Structures are given as structure tokens and as C-alpha cells.
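What follows is each chain in one-letter form.
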Amino acid sequence: MRDVALSTDGTLWAFTVQHFEPKPPFRAQGEFEPYGVGYVDLGPVIVETRLTVADTSLLRIGQPMTLTLVPAYREEQSTVFTYAFAPRAGATK
Amino acid sequence: MSAGQDVVIIGVGMHRFGRTEGVTGREMAVGATHAALADAGIAWPDVQFAYGGSYASGDADALVSDLGMTGLPFVNVRNGCGTGGSALTAARQAIASGAHDLGVVVGFDKHPRGAFNEDPTNLGLGEWYGSTGLMVTTQFFAMKIQRYMVEHDISPRTLARVATKAFRNGALNPMAWRRTPLSEDEVLSAAMVNPPLTQYMFCSPGEGAVALVVASAERARRLGADTVQLKAVELRSRQFGSFEVYSPWISPDRADGPTVQASRAVFAAAGIGPEEVQVAQVQDTESGAEIMHLAETGLCRHGEQERWYADGVTEISGRLPVNTDGGVLANGEPIGATGLRQVHEVVQQLRGRAGARQVPGHPTVGFTHVYGAPGISACTVLTR
């Protein structure tokens, strides 16, 4: 096994929005807010990911996306973050 | 008994699907088994082996406490939504090998309300996958059909047509859960669950039990039974690169999924082509799944579904009736039972015992396809 460095930029391969609060093992963070879920093509691999956008009218297959972090849940006194992808600012549509 | 025996189904039994207060999954399984034994005209002491499975209702082999402690070999099967298909695969092999000539296959479940949830570590996935909200089966189905609709020009109205057919057929099926017909517009305008799929396009986890009695053709002849031939059963798991439920990543070079592999193998084993199928069950976890699975199993070409659903090809009165009992959409998804419900329905269709749902014209070739997490599929070809 070896580590492969992936780009932090990719293109949106598929997407949806999670409109209902999943049961455990999902760890809720206060009141449920729908969140985007998608797959982003990074070249050597297509990764499943949270998205920063939860409105399908703002997303399209092939859209340029970039890596970021979003809060996932709270643990004791701190916030646990997870990776996510956001529409790439400045990229042509 | 020699190897290479033809395997037949001589009895089927079922407990109604949908929510039944005060009846456990076990009790449903016992009822379904008794019904199947009566249908076959045999008694439990005649049964030489059994395969059974349940995800949420306990160990199938413990049913002997209620059915009769005869000491028979009773194997538990656990393959998610594919459990019934796996159990039937094993049962068929037990008879075809000559090891036994009479057995029972039973699948049952009684799921709690709400969506399926699963511990990712059960599937070898990291805990983070679940805690951050990606371990949700509906997300996979939504994204797979999203791409499929774009690639093959399938409209949202076609998704609705799958659902309206399911509830229309469910209305004709006294054992179904969802028996109220809905209009296409009601389906389309329902609350969005995971876009593009609305609430009425998704199945719900549910309750139910199905049992089958399987036998060698020779034993069936001696019993004078009413038989349907289990011509072939094939089970496959996912290959590297196929896009399946609970995939934290996908390879850019994609492989055919287990549905394609299992269906191709079952038609080859049966010596029958998909074009010969006259009544079918394909896994309709949600509307899109029925659409995609029709093409993946070879029953239609990719993209043809748009025309098919506009023309009613998959209606009971159509050229290839699909999910004539309402499928998973109208019956719900008790995962241990679904694969066997599909076989139960096709057997009844081939025997001419499907009542108000009967496909006209005396169908003689049937097909079933079940699919489940984390990417397994089992298909059967049944003939009369």
C-alpha cells in the first residue's frame, strides 16, 4: 500500500440532498438541517463527500468543486469537522 | 439420489406484508412455513433441510422450536436484501447435488419504523462514514438514478409511472401493504426525500414472511405435486470498480455490477434468453431501481424504459409485466423475505393462481432479480 496525493479540486459526478435526519450512527448536531451529498471526481478516484450546498438548483453534474471542511457534530467541548466539497469560487460555469 | 437433479418448487406460503400489530417476525415465518407445507401437501417431519434468514427478527434456525425439532440441518443466511436469493441458491445446490430431495427456504423480517440504519463497521467501513451522515441507502439510489436519467433521457414522470403501477398492482394484491392507487402528479409532488426521488418513489422497511418448499423433480413426481421448475439461480457479489450501495469511493474505471453478472449467469445457466421472459420481478427499492434493473438484467435496452412506461409495457396487461404484486414499493422491504416474495409471485403467476393480478396468456417463463447492500444480487429463472 502507498499513499497517493490527491488534488483538492475535482468535478461533481453526482449529487443529492439528505432531507430527512438519518438514524444513528449519524451524529446529529442540534436541529436537523438538510445537507448535500455527492461524488466528486478527483481523477484517480471518485470520492463520496458532504457538500456545502443543500439546494440542487445550485448544483450540476460536471461543476468544479474544491475541498473544504464542514462541522459534523459536537464532542464534549469541541466541534468535530468532516471533509466536504464546495463549488469552486471563480470557476467558470 | 444422483447429482444433476432438476429442482422444482412444490409449495409456497406467505404472511401478509405491511404492518401487523402484535405479530412477531418469527410468528410470521412460522405461519408462512405452515402455509407452504400445506400448499405442497407435506408435513414438517418430511423436510430434510432448511435455509432461512432474517435481519431483524432473530435466527431462522431457532424456528424449529415452533415448527418441530426433528434434528434437520437448518442453516441461517444473512445477505441483506439478498438473503432470500442466497438461501434459495443454497437450497437449489443442496438438491441439485443429490444431497437431499426435499427442503424449505424461509425469509422473514419485521423492521422498526423509519429508514434503514447500519453500523458501518459491520461492512468494514470506518465509523466516520456513519457519524458524518453518508451511511444512508437512499443517497446511493438517488445519485445512481440521477446520472442514469441524464445519460439515458429518463424523465421524472417515468419515475412516477413506476410508483403508480406499483400501487395499482398493490391494490389487486390482498397481501400487499400499500394498496391505495396514487396519481402520477401525487407521486411527483410528494415531499422530496433524496432528490430526484420523492417519498412515494421509495419503499419503506416493513414486515412479512415467505416460505418455499423445494424438491427434486423425482421426489415431486412421487408426491404428485404441482410444480414450477427452478431452472437456475445465480448469486453474485460486487466486483472491484462497480458502483454499489455504501461506496465511499468509486473507481474511474467501472465494472459491471452484481445485477449484470447474476442475470447474465442465470440466463446462461437456464439456456433461456431475457427476451423469452413473460413475467418478471426486478428489485424496485425505489422507482429508479426498477428502471435501471430492467436494463441491467437485459430485459430491455438502456433508455428504452422511457417509451416502455409511456406505453404500459410493464403493466399486468403489457408485453412484459413487471412486479405484478406491487413489488417492494407496494409490499415494503422486510429484507429477509423480499427475494422469496418475488419468487412466490412468479410461481403463482406461472401456476395461474395470481387472482386479480393474473397475467393473461398462460405465462411459462418467469424471472426474478433481487439486489441489496453492499452490492449483491441473486436472480432466478422459473419455468412451467
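The rules behind each value
Residues numbered from 1 in each chain as written. Chains lettered and ligands numbered in written order. Predicted model: local features only at pLDDT ≥ 70, side-chain atom pairs only at ≥ 80, totals over all residues. Heavy atoms only, no water. Disulfide = S-S within 2.5 Å. Helix = DSSP H or I, 4+ residues; strand = E, 2+ residues; numbered from the N terminus. Expected span 1.5 Å × (residues − 1). Buried < 20%, exposed > 50% of the residue type's maximum accessible area, 1.4 Å probe, protein only. Core = buried A, V, L, I, M, F, W, Y, C linked by side-chain atoms within 4.5 Å. Contact = heavy atoms within 4.5 Å. Pairing = 2+ DSSP bridges. Axes fitted to C-alpha atoms, helices over the stretch in contact; angles between N-to-C directions. pLDDT = per-residue confidence, 0-100. Buried area = accessible area lost by both parts, 1.4 Å probe. Salt bridge = Lys/Arg side-chain N within 4 Å of Asp/Glu carboxyl O. Polar contact = N/O pair within 3.5 Å; in protein donor to acceptor, adjacent residues only side chain to side chain. Nonpolar A, V, L, I, M, F, W, Y, C, P; charged D, E, K, R; others polar.

Engineer: Looking at this structure, I do not really get the state of the cysteines. What am I missing?
Structural biologist: Note: disulfide means a covalent bond formed between the sulfur atoms of two cysteine side chains. Tallying each qualifying case throughout the model produces zero disulfides over all chains. As a non-bridged cysteine, Cys81 of chain B has Cys203 of chain B as the owner of its nearest cysteine sulfur, 7.5 Å distant.

Engineer: Is there a simple way to think about helix α1 (residues 25-40) of chain B in this case?
Structural biologist: For an α-helix, 3.6 residues make a turn, and residues three or four places apart therefore share a direction. Residue and element names in this part refer to chain B. The end-to-end C-alpha separation of α1 is 23 Å, in line with the 22 Å expected for 16 residues at 1.5 Å each. Listed in full, the buried residues belonging to α1 are Gly25, Met28, Ala29, Val30, Ala32, Thr33, Ala36, Leu37 and Ala40. At the exit of α1 stands Gly41, carrying a positive phi of roughly 75 degrees.

Engineer: Help me out: how do you make sense of the nonpolar core in this one?
Structural biologist: Across soluble globular proteins, you tend to see nonpolar side chains buried next to one another. Residue and element names in this part refer to chain B. Ranked by size, the top nonpolar core spans 64 residues in total, and within it Leu299 and Phe367 carry the most contacts. In terms of residue count, the dominant contributor to this core is helix α5 (residues 137-152) (seven residues). Ignoring any residue separated from it by four or fewer positions in sequence, one finds Leu299 in contact with Phe267, Pro274, Val277, Ala280, Val282, Leu294, Trp308, Leu320 and Phe367.

Engineer: Before we go on, may I ask you to explain the sheet that holds strand β10 (residues 279-282) of chain B in this structure?
Structural biologist: Either a parallel or an antiparallel arrangement is found when strands of a sheet pair, and the pairing is made through backbone hydrogen bonds. Residues and elements named next belong to chain B. The sheet built from nine strands is open, its strands ordered β3-β2-β4-β7-β1-β8-β12-β11-β10 with mixed pairing. With partners counted over all chains shown, the strands left at the sheet margins are β3 (74-76) and β10, one partner each. Neighbour-to-neighbour, the strand axes of the sheet open up by a mean angle of 20 degrees, direction not taken into account. Relative to strand β8 (residues 228-237), strand β1 (residues 7-15) is paired through two bridges, and the arrangement is antiparallel. Residue pairing in the sheet places Val8 in a bridge with Gln229 of β8. Here helix α9 (residues 258-270) sits on the sheet and contacts β8, β11 (365-372) and β12 (376-383); the angle it forms with β8, its principal contact strand, is near 145 degrees.

Engineer: Please clarify how the confidence of the model for chain B should be interpreted in this entry.
Structural biologist: A low pLDDT score tells you not to read the predicted coordinates there in detail. Averaged over all residues, the pLDDT of chain B is 97; the fraction at 70 or higher stands at 99%. Interface predicted TM-score (ipTM) for the complex: 0.96; the corresponding pTM is 0.97.

Engineer: So what exactly am I meant to see when it comes to the interface of chain B and chain A here?
Structural biologist: Think of interface size as the accessible area that goes away when the parts come together; that is how it is often given. Counting residues at the interface gives 34 residues for chain B, matched by 32 residues for chain A. Taken together, both faces of the contact between chain B and chain A bury some 2,700 Å²; the carbon and sulfur share is 60%. In terms of surface lost to chain A, no three residues of chain B exceed Thr132, Met143 and Arg147 of chain B, which account for 20% of the buried area on that side. For the interface between chain B and chain A, the tally reads zero salt bridges. Linking chain B with chain A are 17 residue pairs in polar contact (both at pLDDT 80 or more), by the criterion used here. The set of elements that each furnish at least two residues to the side of chain B that touches chain A consists of α4 (127-131), α5, β5 (192-194) and β9 (249-250) of chain B. The element that contributes the greatest number of residues to the side of chain B that touches chain A is α5 of chain B, accounting for seven residues. Its residues placed into classes, the side of chain B that touches chain A shows 18 nonpolar, twelve polar and four charged.

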